[in-house]
Amino acid sequence: MSVLVMNADYSFLGSISWQRSIVLIYQGKAEVVKETERIVSNFDGSYQYAIPRVIRLLKYVTKIFKNKIPYSKYNIFLRDDFICQYCGKELSKYECTVDHVIPKSSGGESSWENCVTSCKPCNNRKGDMSLDEIGYKLLNIPKKPSVADFMRKKSSILMENISDIF
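Read on for an overview of the structure. What you are looking at is a predicted structure, and each value in this text was computed from that prediction instead of being measured.

1. A few points about the pattern of salt bridges
- According to the stated counting rule, one finds three salt bridges in the structure shown.
- For aspartate 80, the salt bridge is made with arginine 79, and the minimal N-O distance between the two is 2.9 Å. Taken individually, aspartate 80 and arginine 79 each receive the classification buried, so the pair is uniform in this respect.
- Here aspartate 99 and lysine 126 are joined by a salt bridge, their closest N and O atoms 3.3 Å apart. Separated by 27 residues along the polypeptide, aspartate 99 in strand β5 (residues 96–100) and lysine 126 in helix α3 (residues 120–126) bring together distant segments of the chain.
- For aspartate 99, a relative accessible area of 3% puts it in the buried group.

Shown next, in the form of structure tokens:
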């Protein structure tokens, strides 16, 4: 279970584990905005804590992404809106795979410009072939997202899920 982290001004920063959130609260670095109904206790049972759903940092911190979005599988999925770039199917984060447009076996790199979100059937069908060999066309040309675009996408995902939180 992840906990949403808000900056001191209530702007969205990201998410962390519930364990880390309790540590931040205990250290006096954050406060609980919204709790879940789940309760955890320490080893001897002398303290009980409601697991937070949303916390707010007490001191303002600068944004995590200043000039560069880190390359990761999840960030590829986010850039591509969790949509298979070959067949257009909407996917859950558990259904997504990363496909190398130019296969690694042909010298393709793991980079923003060579990796796309793919469903498992399309990824398996493509295998180590090029797009021309298999006859696939990409829905969008893969490119590195701008910081503004990336933060807008992260914020929209937060807004989609906010009704579940509050």
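More follows now that the structure is in view.
2. What to know about the side chain of serine 118
- Structurally, serine 118 is set in strand β6 (residues 115–119).
- Only 3.2 Å separates the side chain of serine 118 from the backbone nitrogen of asparagine 123, close enough to count as a polar contact.
- When residues no more than four places from it in sequence are discounted, the contact partners of serine 118 are Cys84, Tyr86, Leu91, Glu95, Cys96, Thr97, Asp99 and Asn123.

3. Thoughts on unusual backbone geometry
- Even without glycine at this site, tyrosine 10 takes up a positive phi of about 70 degrees.
- Here tyrosine 10 lies in the loop between β1 (2–6) and β2 (12–17).
- For tyrosine 10, a relative accessible area of 46% corresponds to the partly exposed category.
- Of note in this structure, aspartate 81 is not a glycine but carries a positive phi near 60 degrees.
- Mapped onto the secondary structure, aspartate 81 falls in the loop between α2 (73–79) and β5.
- For aspartate 81, a relative accessible area of 46% corresponds to the partly exposed category.

Basis of the calculations
Residues numbered from 1 in each chain as written. Predicted model: local features only at pLDDT ≥ 70, side-chain atom pairs only at ≥ 80, totals over all residues. Heavy atoms only, no water. Salt bridge = Lys/Arg side-chain N within 4 Å of Asp/Glu carboxyl O. Buried < 20%, exposed > 50% of the residue type's maximum accessible area, 1.4 Å probe, protein only. Helix = DSSP H or I, 4+ residues; strand = E, 2+ residues; numbered from the N terminus. Polar contact = N/O pair within 3.5 Å; in protein donor to acceptor, adjacent residues only side chain to side chain. Contact = heavy atoms within 4.5 Å.

So, to be careful, I would describe these as geometric facts and stop short of saying anything about function.
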